[in-house]
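Tertiary structure, described
Listed here are the chains, written in short residue letters.
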Amino acid sequence: MGFNDLLEAVGGVGLFQITLSTFLVFTITVGACHLFLQNFSAHVVGHYCHLPLLPNGTRWTNLTHQDFLKVFIPLDANQQPERCFRFTTPQWDLLTANDTEVNITEAAREACSDGWTYDTGLFSSTIVSEWDLVCNLQALRQMAQSLFMAGVLVGAIVFGRLADRFGRRTVIIWSYLQMSVAGTCVAFLPSFSCYCFFRFLTGMAVSGLQLSAFSLILEWMPLRGRTLAVSLQGHGYPLGQLLLAGLAYGIRDWRWLQFALSLPFFLIFLLSWFIPESARWLILNDRAPEAVTHLRKVARINGKQEDGEKLTVEVVEAQMMEVSTTKHSTSFLDLVRTPGMRRISCCLMFMWVSISMCFYALAMDLQNFGLSIFVVQVCFGAVDIIAKQASISAMDWFGRRLTLAISLVLAGILIIANIFVPQEMQMVKTVLATVGKGCFAGAFTSIVIFSGELFPTVIRQTGMGFLSMNARAGAMLAPVIQMIGSSVSFLPSLIFGVIAITSGASVYTLMETRNTALLDTVDEVETKVKGKPLLEREEVPLTQKNGPILPKPT
């Protein structure tokens, strides 16, 4: 088993693995809050034109709030006060009870010229109310979120490659520092342009910590604990939604909410210096002495100090002889250079785009529950946790391919079925959409674990960064496809459903990875894809020269 034997010899799933996984999942949870933060910090609160001034420069003071709305603010098609227009002259006739049917369409309107009055009942301040991102400027609110997602995409490209070249530990420490500094700048800098720029940097850091945490958890965990450990990372996102809902409920000012979610990363940055580099990555990069040092530290933490002291550079290199002697310089092109890697990369790319696109499309529809925004956020998190847990169990019982295929096909069927449900049956449509969203959440958990196991160690981080980039591209495509609904209402749902079903069917072009060792090189992947057995690595006793043999792990 190579490196898996080394991990078992220094304690297997011990205190170190549990502590490392818990710490990294916590940081992912706090980082995930920034993904959904604009649900609250950019919430569009109620607003209408400012009260106009009297000729002497004073404001109207002898009108109640409701009278003011009747006299100065016209009604929209839903009989609600207009948000972007006011009457050019006061409509006093509307105050009389007998004049409620006055034809106000003939009254002249004008755009708000004195600014807006915002409802502070739900949030005392948001970026919308602070920078007047309403009416003609309302597109800037979406642009800010798009720039954040662009940062996540760029971070996936940049930090994925850097982690394969300079190590997982270096990238994750830098990501924590960038999260703390950029997030704090977002909270306190005064202009909208600064907000967008530092939100972009925050998005990059979210990708960096996510990808590096995934690889560290995967590469420090023995085979028998791999599924559970990596799946805990997936739970960080729904837990982040729950945490965000609680913090946003207690902190109603967007700046203080932003700061509250950035402050922990200063402490996380200091603690992250104690995170060891991936020993597997060190060995593959000809740094076996450092790998031995880290393995001995892990052995001490796991209560296996005596066994750890028996490890030497010679033992470690011999245990991974084939991998450590491979001198191939890897690059992004290794993802598509050989037939086996090309099949894996292309199929995974299609599935990541499909899952992300359909997931975010459903998430945007589910926001029309008509409930409190805090309740909706909690519901989203709860649904994701249930779905992810079910997916984890199914992967252990039925394998990666079957679990992923069923999740995607079922989600696609539910989306298409919703086309035929009448609009009057809103409860049925909501239930189908919610279950479909849960299926995609489970599929996302499956595809993350499955992808990490399919890519070899030498390009795992590059591959995961590439797939994360595709996921962000899929999220950006979702609203574009939904715009088609203004012309043909059922077409977006049909497109999403067909894509999900096709993606589910494509899973069976990949090999199953349940209960198999991680592959380390591209050559091993090609051998496995062709159905040939891997060359057996020589069973080297884990022993020092002239020293006792390490006990065989049970």
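You'll find the structure just up there.
Heads up: these notes are all about the structure in this document. (Residues numbered from 1 in each chain as written. Predicted model: local features only at pLDDT ≥ 70, side-chain atom pairs only at ≥ 80, totals over all residues. Heavy atoms only, no water.)

**Describing the nonpolar core**
The condition that has to hold: To form a nonpolar core, buried Ala, Val, Leu, Ile, Met, Phe, Trp, Tyr and Cys residues must be joined to one another through side-chain atoms within 4.5 Å. The buried label goes to any residue with under 20% of its type's maximum accessible area, the exposed label to any with over 50%, and the partly exposed label to all in between, with areas taken from a 1.4 Å probe on protein chains only. The secondary structure listing takes helices from DSSP runs of H or I that are at least 4 residues long and strands from runs of E that are at least 2 residues long, numbered from the N terminus.
One finds Leu 24, Ile 127, Ile 172, Tyr 176, Tyr 195, Trp 220 and Leu 295 to be the most contacted residues of the largest nonpolar core, which totals 83 residues. Examining the composition of this core, we find that 11 residues originate from one element, helix H8 (residues 192-220), more than from any other. Counting 51 residues, the second-largest nonpolar core is a separate cluster that includes Phe 214, Ala 411, Ile 447 and Ile 499.

**With respect to helix H2 (residues 15-35)**
Along an α-helix, residues three or four apart share an orientation, since each turn contains 3.6 residues. Note the cut-off: Under the convention used throughout, the expected extent of a helix is 1.5 Å for every residue step, that is, one less than its residue count.
Between its terminal C-alpha atoms H2 stretches 31 Å, which fits the 30 Å expected from 21 residues at 1.5 Å a residue. Of all 21 residues making up H2, 16 are buried, and the element is well covered by its neighbours.

**Section: the packing of aromatic side chains**
Applicable threshold: Whether two aromatic rings pair depends on their centres lying within 6.5 Å, for rings of Phe, Tyr and Trp, where Trp uses its six-membered ring; planes under 30 degrees apart make the pair stacked, over 60 edge-to-face, and the rest tilted. A ring is considered to have a charge above it if a Lys NZ or an Arg CZ atom is located within 6 Å of its centre and within 35 degrees of its normal.
As enumerated under the stated definition, the model contains 18 aromatic pairs in all. Here Phe 192 and Tyr 195 contribute two aromatic rings whose centre-to-centre distance is 6.1 Å and whose plane-to-plane angle is 15°, an arrangement assigned as stacked. Highlighted residues: Phe 192 and Tyr 195, both in helix H8, separated by 3 residues, approximately one helical turn. Exposure remark for Phe 192: the relative accessible area of 14% places this residue in the buried category. An aromatic cluster is defined as three or more aromatic residues linked by ring pairs; in this entry it consists of Phe 40, Phe 123, Tyr 249 and Phe 374. For Arg 199, the ring lying beneath its charged end belongs to Phe 148, and the centroid distance is 4.1 Å. Of note, Arg 252 hangs over the ring of Tyr 249, and the distance from its end group to the ring centre comes to 4.8 Å.

**Examining the pattern of salt bridges**
Note the cut-off: By salt bridge we mean one thing: a side-chain nitrogen of Lys or Arg within 4 Å of a carboxyl oxygen of Asp or Glu.
Evaluated as defined, the whole model comprises 6 salt bridges. Between Glu 130 and Arg 255 there is a salt bridge whose closest N-O contact spans 2.5 Å. Here the residue Glu 130 occupies a position in helix H5 (residues 127-131), and Arg 255 occupies one in helix H10 (residues 254-262), the gap between them amounting to 125 residues. For Glu 130, a relative accessible area of 31% puts it in the partly exposed group.

**Quick notes on the packing of helix H7 (residues 168-188) against helix H11 (residues 264-271)**
Just so we agree on the cut-off: Between the N-to-C directions of two axes lies an angle of 0 to 180 degrees, each axis being a line fitted to C-alpha atoms and, for a helix, fitted only over the stretch in contact. Throughout, the term roughly parallel applies to angles under 35 degrees, roughly antiparallel to angles over 145, roughly perpendicular to angles from 65 to 115, and oblique to all others. The sense of a crossing depends on the near helix, which, turned anticlockwise from the far helix by less than a right angle, makes the crossing left-handed and, turned clockwise, makes it right-handed. Two residues qualify as a contact provided that any one of their heavy atoms is within 4.5 Å of a heavy atom in the partner residue. Residues are grouped as follows: Ala, Val, Leu, Ile, Met, Phe, Trp, Tyr, Cys and Pro are nonpolar; Asp, Glu, Lys and Arg are charged; every other residue, Gly included, is polar.
For the pair H7 and H11, interaxial distance at closest approach is 8 Å and the crossing angle is 160°. Taken together, the axis directions place H7 and H11 in an arrangement best described as roughly antiparallel. Remark: the crossing between H7 and H11 carries left-handed chirality. In contact with Ile 173, Tyr 176, Leu 177, Met 179, Ser 180, Val 181 and Thr 184 of H7, H11 contributes Phe 265, Phe 266, Ile 268 and Phe 269. Per-class residue counts for the contact of H7 with H11 are 9 nonpolar, 2 polar and no charged.

**A short note on the environment of Leu 510**
Within the secondary structure, Leu 510 sits in the loop between helix H22 (491-506) and helix H23 (522-529). For the pair Leu 510 and Gly 340, spaced 170 residues apart in sequence, the C-alpha to C-alpha distance is 9.4 Å. The contacts of Leu 510, once residues within four sequence positions are left out, are Arg 343, Ile 344, Cys 347, Leu 348, Met 351, Arg 401, Phe 450 and Leu 454.

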